[in-house]
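Listed below, chain by chain, are the residues.
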Amino acid sequence: MDDFFSKPMRILLVDDNPNNLKVLSETIQGYGWKALIATDGESAIEQVEYAAPDLILLDVMMPGIDGFETCRRLKANSITQNIPVIFMTALSDTTDKVKGLEIGAVDYITKPFQQEEVIVRLKLHLKISHLTHTLEQRVQERTAELTQSLQQLQQTQLQLIQSEKMSTLGQLVAGIGHEINNPIGFISGNYSHIEEYVKDLLRLVNLQQQKLPYPDLEVEELVEEIDLEYLAEDLPKLLLSMHQGIGRLKDISLSLRTFARSDISSKVEFQIHEGINSTLMLLKHRLKDQGNRPKIEVVTQYGELPPIRCYPGQLNQVFMNIIANAIDAFDDIHQNRSDQDIPYIIMITTSVECQQQAVTICIEDNALGMHPEVQARIFEPSFTTKAVGKGTGLGLAISHQIIVDKHNGQINCSSTCSKGTQFIITLPI
Ligand SMILES: Nc1ncnc2c1ncn2[C@@H]1O[C@H](COP(=O)(O)OP(=O)(O)OP(=O)(O)O)[C@@H](O)[C@H]1O
Ligand SMILES: [Mg+2]
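Please read these numbers as outputs of a predicted model, since none were measured by experiment.

Describing the packing of helix 3 (residues 41-51) against helix 4 (residues 67-76)
Running from N to C, helix 3 and helix 4 point in directions that differ by 25°, and their axes come no closer than 9 Å. By the angle between their axes, helix 3 is roughly parallel relative to helix 4. At the point where helix 3 passes helix 4, the crossing takes the right-handed sense. Of helix 4, the residues touching helix 3 (which contributes Gly41, Glu42, Ile45 and Val48) are Thr70, Arg73 and Leu74.

Below, the structure is given as structure tokens:
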């Protein structure tokens, strides 16, 4: 506080009486402060704007606009409103004093002036004004700090939820992938033997028929009963389709394990398309037609992407969130859209941009789109338009965090009501 008074204060004196001005400026200068002078209201207002005094001493009765009007105008201007104003009134004028305080003056002093009293009052109000200013600044700083802490807290919360969600889902998926991998292993391992045995047996039957052209009645009856000719023709076909089935199971198991890759601690090189494909595989059952909702077609147009250094499990989760939202939007449609003939399409396009510096992944649907008010809020944690129990409103908030904070990328959405929605993700290479 002493620091504060060590710099010379600048006091603006506004009075049309030269005598008063002389007495006051001598008092102020005597104290080591600087006195600025104005002789009417209008020039005072002008001077306040550029000279920015620390305090104003204002006479009530002046030619032109009076002290009250001058004060009102100063208080109405955001640049000058916080400078404390003290009125100078005649000792007897009680109404003036009250009126002055009512329109925003902090105090009054009475003529004739008592030098010491003037200085004491000026000091008091300069101090209050300084304290108020400091306090406002502190409040602003603290508010900014608190806002920042709150944001950090929300981010941390999201991260916790995200990793919890991911680890539960990841564990489940990894578990299933692992569980089905073993049976697939032995089915596929035994398959080659079965194929060989069956071929051998058929060869044997064939040979026997040739060498023993007149079998006994019982054998002939059995040959007829089991329709040996058809069996011998059909069996290799069955084996072939089983072989294909085993191939599909292996793909699914691989997809599950690809999806569940949650290399949390460090980034690894990852082929984005594998992630998208494994996600689509997991969502396949939701893409099929569902009674009253037609099937959803997924069209992929993949560019030549290099592998990306990333957290694969997290990126897969982003793809999952966005594609699942699109499917949700299609589920909503058939109640709302009359032209049911338009095919439901999710289009996924990838490409390399900006001279090989970034990849973009665009996921687009032709569902109902969003209203601008909804679109403005989709990345907010807990914002959802879905029924309780159906949506938590975290999907896109988490996706945003994963893309922007964890991968220094961008995620943007553009949506047109009753046309569809497009999400564009950009990731640096
Ligand atoms: N493709 C889309 N078409 C229409 N609206 C969408 C689409 N994607 C997101 N939205 C809107 O954005 C909101 C927020 O999506 P977000 O994924 O964050 O939460 P949610 O899907 O409601 O819940 P969950 O946490 O289960 O994902 C949705 O409730 C929906 O209104
Ligand atoms: Mg969602």
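Back to the write-up after that little detour.
Brief notes about the nonpolar core
Ile272, Phe319, Ile323, Ile346, Ile361 and Ile425 are the most contacted members of the largest nonpolar core, which has 45 residues in total. For this core, the element with the most residues is helix 10 (residues 312-336), which contributes ten residues. Residues contacting Ile323, with those up to four places away along its chain left out, are Thr279, Leu280, Leu283, Ile346, Ile348 and Ile363. By size, the runner-up hydrophobic cluster in this structure holds 21 residues, among which are Ile45, Val60, Met62 and Ile65.

Thoughts on the side chain of Ser399
Relative to the elements of secondary structure, Ser399 occurs in helix 12 (residues 395-407). A relative accessible area of 0% places Ser399 in the buried class. Each residue touching Ser399, except ones within four places of it in the same chain, is listed here: Val318, Asn321 and Ile411.

Considering a nonpolar patch on the surface
Residues Leu222, Ile226 and Leu231 make up a contiguous nonpolar surface patch of roughly 230 Å² in combined accessible area. By the element assignment, Ile226 lies in the loop between helix 7 (217-225) and helix 8 (228-259).

Quick word on the sheet that holds strand 3 (residues 55-59)
Strand order in the open sheet made by the five strands is 2-1-3-4-5, with parallel pairing throughout. Of all strands in the sheet, those bounded by a partner on one side alone are strand 2 (34-38) and strand 5 (107-111). Taken pair by pair, the neighbouring strands of this sheet meet at an average axis angle of 25°, ignoring direction. Taken together, the five bridges between strand 4 (residues 85-90) and strand 5 define a ladder with parallel strand orientation. Looking at strand 5, one finds that Ala90 is bridged to Lys111. Sheet contacts for helix 2 (residues 18-30): strand 1 (10-14), strand 2, strand 3, strand 4 and strand 5; angle to strand 2, the most-contacted strand, approximately 160°.

Remarks on the packing of aromatic side chains
Enumeration over the complete set of coordinates arrives at three aromatic pairs. Summarising the aromatic geometry, the rings of Phe330 and Tyr344 are spaced 4.9 Å apart at their centres and angled 20° between planes, so their arrangement reads as stacked. Note that Phe330 is positioned in helix 10 and Tyr344 in strand 9 (residues 344-353), a separation of 14 residues in sequence. Looking at Phe330, the relative accessible area reads 0%, which means it is buried.

Brief notes about the site of ligand 1
Taken together, 20 residues are adjacent to ligand 1, and Asn325, Thr384, Thr385, Lys386 and Thr392 come closest. Separating an oxygen atom of ligand 1 from a side-chain N or O atom of Lys386 is a distance of 2.6 Å. For ligand 1, an oxygen atom lies 2.9 Å from a polar atom in the backbone of Leu394. If ligand 1 stood free it would expose 600 Å²; the protein chains cover 91% of that surface. Among the secondary structure elements, those contributing two or more residues to the shell around ligand 1 are helix 10, helix 12 and strand 12 (420-428).

Side note on the domain arrangement of the protein
For interface size, the figure often reported is the accessible area lost on association. The domain architecture assigned to the protein consists of domain 1 (2-113) and domain 2 (267-429). A C-alpha centroid distance of 65 Å is found between domain 1 and domain 2.

Looking at a negative patch on the surface
Residues Asp216, Glu218, Glu220, Glu221, Glu224, Glu225, Asp227 and Glu229 make up a contiguous surface patch of negative charge. Examining the composition of the negative patch, we find that five residues originate from one element, helix 7, more than from any other. Within the fold, Glu220 resides in helix 7. Glu220 gets classed as partly exposed once you look at its relative accessible area, which sits at 42%.

So, the pattern of salt bridges
Pairs may arise between side chains of opposite charge once their charged atoms sit close together. For the structure on display, the rule yields 15 salt bridges. As a salt-bridge pair, Asp59 and Lys111 come within 2.9 Å of each other at their nearest N and O atoms. Of this pair, Asp59 sits in strand 3 while Lys111 sits in strand 5, and the two are 52 residues apart along the sequence. With a relative accessible area of 23%, Lys111 lands in the partly exposed category. Through salt bridges with shared partners, one network takes in Arg286, Arg293, Asp328, Asp331 and Lys386.

Thresholds, definitions, all that
- Residues numbered from 1 in each chain as written.
- Chains lettered and ligands numbered in written order.
- Predicted model: local features only at pLDDT ≥ 70, side-chain atom pairs only at ≥ 80, totals over all residues.
- Heavy atoms only, no water.
- Axes fitted to C-alpha atoms, helices over the stretch in contact; angles between N-to-C directions.
- Helix = DSSP H or I, 4+ residues; strand = E, 2+ residues; numbered from the N terminus.
- Parallel < 35°, antiparallel > 145°, perpendicular 65-115°, else oblique.
- Left-handed = near helix turned anticlockwise from the far one by under 90°.
- Contact = heavy atoms within 4.5 Å.
- Core = buried A, V, L, I, M, F, W, Y, C linked by side-chain atoms within 4.5 Å.
- Buried < 20%, exposed > 50% of the residue type's maximum accessible area, 1.4 Å probe, protein only.
- Patch = residues over 30% accessible without salt bridge, like charges linked within 9 Å, V, L, I, M, F, W, Y side chains within 5 Å.
- Areas by Shrake-Rupley, 256 points an atom, 1.4 Å probe, with all protein chains shown as cover.
- Salt bridge = Lys/Arg side-chain N within 4 Å of Asp/Glu carboxyl O.
- Pairing = 2+ DSSP bridges.
- Phe/Tyr/Trp six-rings, centres within 6.5 Å; stacked < 30°, edge-to-face > 60°.
- Near = heavy atom within 4 Å.
- Polar contact = N/O pair within 3.5 Å; in protein donor to acceptor, adjacent residues only side chain to side chain.
- Domains from an automatic or database assignment.
- Lys, Arg positive; Asp, Glu negative; His and termini not counted.
- Charge placed at Lys NZ, Arg CZ, Asp CG, Glu CD.

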